[in-house]
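Structural overview for review
Each chain, written out:
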Amino acid sequence: MAETVSGPLHKTPLHQLHVDAGAKMVPFAGYDMPVQYPTGVLTEHNWTRSDAGLFDVSHMGQAFVVGPDWETTARALEALVPADILNLKPGQQRYSQLTAEDGGILDDLMITRSGYAGYEGWAYMVVNAACKDQDFAHIAARLPAGVSLKPDPTLALVALQGPKAAAVLDDLIPGIAATPFMTFIEAKLDGMFVHASRSGYTGEDGFELCIEAKNAAAIWQRLTADPRVKPIGLGARDSLRLEAGLCLYGHDIDTTTSPVEAGLTWSIQKRRRTEGGFPGAQRIQRELAEGPSRRRVGIVPDGRAPAREGTPIKAADGAAIGMVTSGGFGPTVNGPVAMGYVNSRFAEPGTPVLLEVRGKDLPAKVVTMPFAPHRYFRG
């Protein structure tokens, strides 16, 4: 998860706590971030699946789109993304993508309709860290008169994920365990403001907590004082989301992929599929009607050798049909897993394929994702 960078790295408000905990720090999206703690990625991954893992995601971009009323704000956003924003209920959150005019994906993001009194025309959004400067410039330049973008660098973001996350938080914020999936509540934790959404990036039940940066360390320490909670780094975050079949921007989705190719059509609601009105609608509507030429698929190698990003995917006869975009060892499934794009003729689950790993063609097959079952709260 490390990367080559130039210039000084940013630090999240929790940086010193990671260092004090013995985390291995690496450059990621311009930030100095924990890739793992002393117990290691495997232990952190399994802990999140069995208990509650705490992630620092304060490097993500947080901002507000502000208009005079919800309809104005929603329609401004619908000119940028293919999701139905207009019909979000107060406090409801939705996943979408910033699309380019050719239907490629500039970034993926979460958009939430404000449920706060006096902020009826506000939408809260979270974008990827590596894209946030470009995203904010792109959005700000395309908003109509009377609607503005307000990035907020005074906010931090942490995610508590795993089957015990709701119980941990309910002890601190009574009643939070009843929060529906993909909605938020306003709460106080030891008197500190918390905007808590039931969502995450692991396939597990959990919450993302938008908090004031000045309170981040106190809230982190309060959560990690619970024996059910352990801090988790970027390494396990990646293996968890891979098992869950979730896309990583810049790898599984980018400006060359459309939401339809990526298997994200579920995030484009019926009204938007019909009406269009978003960048790239012509291509996306065509692919919805006719099918795309390639599709993102899950792949399981027959052996134990993992197929990493960039691994060529071949048909059984050796013809090139695609490329792996994410791959590695899946601790929960106890074996290698991968995802990538293949020619649509080879996208049917059960299709045998070959993976060219270190010059050898290794047998594998296309499978349905996720690799590990999603356990989102559906109560």
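What you are looking at is a predicted structure, and each value in this text was computed from that prediction instead of being measured. In this convention, every chain numbers its residues from 1, walking through the sequence in written order. Per-residue local features are limited, in this predicted model, to residues with pLDDT of at least 70; the limit for side-chain atom pairs, both in listing and counting, is 80 or more; totals at the level of whole chains, interfaces and linings are taken over all residues. With hydrogens and water stripped out, all remaining heavy atoms of the structure feed into the side-chain values.

Glancing now at the nonpolar core. In this structure, Leu160, Leu209, Ile211 and Leu223 are the most contacted members of the largest nonpolar core, which totals 28 residues. Taken together, the elements giving at least two residues each to this core come down to strand E3 (52–56), strand E9 (155–161), helix H5 (165–172), strand E10 (184–189), strand E11 (192–197), strand E12 (206–212) and helix H6 (216–224). The secondary structure listing takes helices from DSSP runs of H or I that are at least 4 residues long and strands from runs of E that are at least 2 residues long, numbered from the N terminus. Tallying contributions element by element places H5 first for this core, with five residues. Beyond its immediate sequence surroundings of up to four residues, Leu223 is in contact with Leu54, Leu160, Val168, Leu169, Leu172, Leu209 and Val229. Residues grouped as a nonpolar core are buried Ala, Val, Leu, Ile, Met, Phe, Trp, Tyr and Cys residues, joined through side-chain atoms within 4.5 Å. To sort residues, take the accessible area from a 1.4 Å probe on protein chains only and compare it with the maximum for the residue type: under 20% means buried, over 50% means exposed, and anything in between is partly exposed. The next biggest cluster of nonpolar side chains, apart from the first, holds 23 residues, and it includes Val65, Leu88, Met125 and Leu143. Whether two residues are in contact is decided by their heavy atoms: any pair within 4.5 Å suffices.

Attention now moves to the sheet that holds E9. The rule for pairing is simple: two strands pair if DSSP sees at least two bridges between them. Across the sheet, which stays open at both edges, the six strands sit in the order E10-E11-E12-E9-E3-E13 with mixed pairing between neighbours. In the strand order of this sheet, the two ends are held by E10 and strand E13 (229–231), each with one partner. For this sheet, the mean inter-axis angle between neighbouring strands, taken without regard to orientation, is 30°. Where E9 lies against E12, seven bridges are found, and the strand directions are antiparallel. Residue pairing for E12: Leu160 is matched across the bridge by Phe207. Angles here are taken between N-to-C directions and fall from 0 to 180 degrees, while the axes themselves are lines fitted to C-alpha atoms, restricted in helices to the stretch in contact.

Here we have five strands laid out as an open sheet, ordered E5-E6-E7-E4-E8, and antiparallel in their pairing. The open sheet is flanked by strand E5 (93–99) and strand E8 (148–151), the only strands paired with a single partner. Sheet twist, expressed as the mean angle between neighbouring strand axes with direction ignored, is 30°. Here helix H3 (residues 70–78) sits on the sheet and contacts strand E4 (61–66), strand E6 (105–113) and strand E7 (122–127); the angle it forms with E7, its principal contact strand, is near 30°.

Another point: the environment of Arg237. Along the polypeptide, Arg237 turns up in helix H7 (residues 234–243). Here the alpha-carbon distance between Arg237 and Ile173, two residues 64 residues apart in the chain, equals 25 Å.

Below, the discussion takes up the packing of aromatic side chains. Only rings of Phe, Tyr and Trp enter the pairing, Trp through its six-membered ring, and a pair is recorded when the two centres are within 6.5 Å. The plane angle decides the type: under 30 degrees is stacked, over 60 is edge-to-face, the rest tilted. For the structure shown, the criterion picks out seven aromatic pairs. Relative to Phe184, the ring of Tyr116 has its centre 5.2 Å away and its plane inclined at 35°; by these criteria the two rings are tilted. Of the two residues, Tyr116 is situated in the loop between E6 and E7 and Phe184 in strand E10; the sequence distance between them amounts to 68 residues. Ring geometry for Tyr119 versus Trp122: centroids 4.9 Å apart, planes at 75°, classification edge-to-face. A residue is classified by how much of its surface remains accessible, and Tyr119, at 40% relative accessible area, is partly exposed. Looking at Trp122, the relative accessible area reads 22%, which means it is partly exposed. The structure contains a cluster of three or more aromatic residues connected by ring pairs, namely Phe64, Tyr119, Trp122 and Tyr124. A cation over a ring is seen here: Arg198 above Phe377, with NZ or CZ 3.7 Å from the ring centre. Taking NZ or CZ as reference, Lys230 lies 4.6 Å from the ring centre of Trp47, over its face. Throughout this description, the term charge over a ring refers to an Arg CZ or Lys NZ atom that lies within 6 Å of the ring centre and within 35 degrees of the ring normal.

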